[in-house]
Structures are given as structure tokens and as C-alpha cells.
Amino acid sequence: GFREDMMPKHVAVIMDGNARWAKLRSLPASAGHEAGSRSLRELVELCAHWGIRVLTVFAFSYDNWIRPKVEVDFLMTLFEREIKSQLQNFVREGIRISVIGDSSKLPKSLQKLISDAEETTKDNSRLQLIVAVSYSGKYDIVQACKSIASKVKDGVIQLEDVGEGLIEQELETNCTEFPYPDLLIRTSGEQRVSNFLLWQLAYTEFFFAEALWPDFGKAEFVEALESFQQRQRRYGARR
Ligand SMILES: CC(C)CCOP(=O)(O)OP(=O)(O)O
Ligand SMILES: [Mg+2]
């Protein structure tokens, strides 16, 4: 079993395998994404129950825009439906929702829904759910560099002010007091980062699960947490 007093503060998840899950059942990808949304609801509940402070999920990468329009449109409507249906639950449970990524490409209605949901839940402090939508880790670092460069150019900050803390403040994960995931889980057997969080994963423990995302439930999450608690994190020191 795992110890509830040694929980990771911040868990990040690359939710992968929805389409394969659907294909195995001769269903369309949309059925896989529907099933995947149920997995996410369950994981949010478990994280809140176990006192995990931040859960960051990769819901749609910037690269996913190249998918068939019918699938992208479905995912956008799924995001809207899920935010609408979960908002009161988040308010009741003390869950804050934040969205990171290039929102300019999202439907205007979804952009509005996101900013309203972020505003409505901004003071909730039990669990922060950060949903990466149209997100790219490299883009996040580029936009932070541009912001810092323009501040130096305008004399707002000096060159010697540029350090890890300033970059942390300029990245899109500046919406949380715990920007560095302790544990990254990727499902479906893939073992890569896929341009998710990059700077933030500097000392993160990785756990790769064989389960397809719709099949990732409590038992699979417990297995990842137990593995995490076996790890001896050294941050560069000798054993
Ligand atoms: C959009 C993203 C959460 C979808 C994850 O599942 P997927 O569509 O990549 O599924 P496959 O890896 O099985 O193709
Ligand atoms: Mg995939």
C-alpha cells in the first residue's frame, strides 16, 4: 500500500490511448474521448480525496490541431460540456480550475467559458486542476523569453534580474504555487514527453502505465503512487 502522508504535491498526467481504446471496441475516437473524460473526473476526485494539491493534465496538445476536423470539433465541444457540467461540483468541492495553452485558437464560446470558470473558482484552494489545452512546452518557454526580453529592453528589469525565479513567474504555470510536478504519469505504454511541460519537469519522477487512459482508474493510480513512494529523489546528490 502507499502512505497517505507521503503524497506527491503536484501530479501531471499525459492522458493517452483514447483512440486505441475505442478502436479495440470498434467504436469511433469520440467514444474513447468520452470514456477518457470519465477517467479524468475519477482522477480529480481521487486527488482531492488524498490531499494532492495540483493535478496538471495534458488534454490537447498544440500538435493535436492537425487531427481530423471532426475529431478536433468533437474535443472542443467535449471540453465545453465537461467544464459546464463540472463547475458547480468544483465550487462545492473547493477545486480551482486553470487552463494553460494558446487559447486564441479555441472557439470563442470555449474561451469565454474557461475565463468564467477560472474566475468562479479562483479562490478555491483544496485542489488546483490545471488543464493544458492547445499547449506546447516549447511555446511556453518561448513566450516567457519574449516577455523577459521586452522587459529588459524597456528597462523594466535588469539583465542580472533574469534567473530561474523570473522564468518561473513568466511561464504559464505561474497560476500555481506548486509549478513543479513531483510525479508525471503517461498512459498507454508510450514513453515520451511529447512537448508537454518541459522546464517544470526538471526533477519530476516519471511513471509509464500500460493501461489506456480510459482504463486508468483507482488501482492504476495507486500503483503509480506506490512506485513514486519507492523512489529516492536526490536532486543530483550521491546516494
Ligand atoms: C487529445 C488526447 C487527450 C487524446 C489521447 O488519446 P489519443 O487520441 O492520442 O489516443 P491514441 O494514442 O490511442 O491514438
Ligand atoms: Mg495518443
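Residues numbered from 1 in each chain as written. Chains lettered and ligands numbered in written order. Predicted model: local features only at pLDDT ≥ 70, side-chain atom pairs only at ≥ 80, totals over all residues. Heavy atoms only, no water.

Peer 1: Even after reading the chapter, I still don't get the overall build of the chain, so can you show me in this structure?
Peer 2: For the chain, the count of helices and strands is seven helices and six strands. In the chain, the order of α-helices and β-strands from amino to carboxyl end is β-α-α-β-α-β-α-β-α-α-β-β-α. Counting the 239 residues in the chain, one finds 50% classified as buried. Look at the contacts in the chain between residues 6 or more apart in sequence, and 77% of them connect residues 24 or more apart. Accessible surface for the chain amounts to roughly 12,400 Å². Of this, 52% is attributable to carbon and sulfur atoms. Distance between charge centres in the chain, computed from 31 positive and 34 negative side chains, equals 2 Å. (Helix = DSSP H or I, 4+ residues; strand = E, 2+ residues; numbered from the N terminus. Buried < 20%, exposed > 50% of the residue type's maximum accessible area, 1.4 Å probe, protein only. Contact = heavy atoms within 4.5 Å. Areas by Shrake-Rupley, 256 points an atom, 1.4 Å probe, with all protein chains shown as cover. Lys, Arg positive; Asp, Glu negative; His and termini not counted. Charge placed at Lys NZ, Arg CZ, Asp CG, Glu CD.)

Peer 1: Quick question: what am I supposed to make of the nonpolar core here?
Peer 2: Nonpolar side chains in soluble globular proteins generally cluster together in the buried interior. Core analysis: the biggest nonpolar cluster contains 48 residues, and V13, L55, I185 and F221 have the highest contact counts within it. For this core, the leading source of residues is helix α3 (residues 69-93), giving eight residues. Once residues lying within four places of it in the same chain are set aside, the contact partners of I185 are V11, A12, V13, I14, F207, F216, F221 and A224. Counting 14 residues, the second-largest nonpolar core is a separate cluster that includes F58, I100, L184 and L197. (Core = buried A, V, L, I, M, F, W, Y, C linked by side-chain atoms within 4.5 Å.)

Peer 1: Could you clarify how one ought to interpret the confidence of the model for the chain in this entry?
Peer 2: Detailed conclusions should not be drawn from predicted coordinates in areas where pLDDT is low. Averaged over all residues, the pLDDT of the chain equals 97, while 100% of them reach at least 70. When pLDDT is averaged over each helix and strand of the chain, the minimum, 97, is found for helix α7 (residues 218-230) and the maximum, 99, for strand β1 (residues 10-14). (pLDDT = per-residue confidence, 0-100.)

Peer 1: Help me understand the environment of G165, please; the structure alone is not making it clear to me.
Peer 2: Mapped onto the elements of the fold, G165 is located in helix α6 (residues 164-170). Taking the relative accessible area as the measure of exposure, G165 reaches 39% and is therefore partly exposed. C-alpha separation for the pair G165 and P214, spaced 49 residues apart in sequence, amounts to 37 Å.

Peer 1: Before we go on, may I ask you to explain the sheet that holds strand β3 (residues 95-100) in this structure?
Peer 2: Strand pairs in the sheet, formed through backbone hydrogen bonds, run parallel or antiparallel to each other. A sheet is described by the order of its strands in space; here six strands give the open sequence β3-β4-β2-β1-β5-β6, paired in parallel fashion. Each edge of the open sheet carries a strand with a single partner, namely β3 and β6 (205-208). With strand direction ignored, the average angle separating the axes of adjacent strands in the sheet is 20 degrees. For β3 and strand β4 (residues 127-135), the ladder comprises six bridges, and the chain directions are parallel. (Pairing = 2+ DSSP bridges. Axes fitted to C-alpha atoms, helices over the stretch in contact; angles between N-to-C directions.)

Peer 1: Mind showing me how you'd approach the packing of aromatic side chains here?
Peer 2: Each aromatic ring pair is summarised here by two numbers: the centre-to-centre distance and the angle between the ring planes. Scanning the entire structure with this criterion turns up 11 aromatic pairs. A centroid spacing of 4.9 Å and a plane angle of 80 degrees characterise the contact between F2 and W50, whose relative ring orientation is edge-to-face. Of the two residues, F2 sits in the segment before β1 while W50 sits in the loop between α2 (29-49) and β2 (54-61), which places them 48 residues apart along the sequence. Through successive ring pairs, a cluster of aromatic residues spans F2, W50, W213, F216 and F221. (Phe/Tyr/Trp six-rings, centres within 6.5 Å; stacked < 30°, edge-to-face > 60°.)

Peer 1: Before we go on, may I ask you to explain the site of ligand 1 in this structure?
Peer 2: Around ligand 1 sit M15, D16, G17, N18, A19, R20, H33, A59, N64 and R67, and that is every residue in its neighbourhood. One of the backbone N or O atoms of G17 is found 3.3 Å from an oxygen atom in ligand 1. Protein contact buries 85% of the 390 Å² of open area that ligand 1 shows by itself. Of the residues that constitute the shell around ligand 1, the class distribution is three nonpolar, four polar and three charged. (Near = heavy atom within 4 Å. Polar contact = N/O pair within 3.5 Å; in protein donor to acceptor, adjacent residues only side chain to side chain. Nonpolar A, V, L, I, M, F, W, Y, C, P; charged D, E, K, R; others polar.)

Peer 1: I'm lost on helix α5 (residues 137-153) in this one. Help?
Peer 2: One full turn of an α-helix is made of 3.6 residues, so residues set three or four places apart face in the same direction. The end-to-end C-alpha distance of α5 is 25 Å, a good match for the 24 Å that 17 residues give at a rise of 1.5 Å each. For α5, the complete set of buried residues consists of G137, D140, A144, S147 and I148. What you see down the axis of α5 is that its buried residues fit within an arc of 95 degrees, all on one side. Looking at α5, the residues exposed on the side facing more than 90 degrees away from the buried face are K138, K146 and K153. (Expected span 1.5 Å × (residues − 1). Arc of directions from axis to C-beta.)

Peer 1: When you look at α2 in this model, what are you seeing that I'm missing?
Peer 2: Helix length check: α2, at 21 residues, gives a terminal C-alpha distance of 30 Å against a target of 30 Å (1.5 Å per residue), a fit within 8%. Following α2 by one or two positions, G51 has its phi on the positive side, about 75 degrees.

Peer 1: Would you explain the pairing of β2 in this entry?
Peer 2: Looking along a regular strand, one sees side chains alternate from face to face of the sheet. Of all eight residues in β2, eight are buried, a share of seventy percent or more. Looking at chain direction, β1 and β2 are connected through five bridges and run parallel. Paired with A12 across the bridge in β2 is T56. By the bridge criterion, seven bridges tie β2 to β4 in an arrangement that is parallel.

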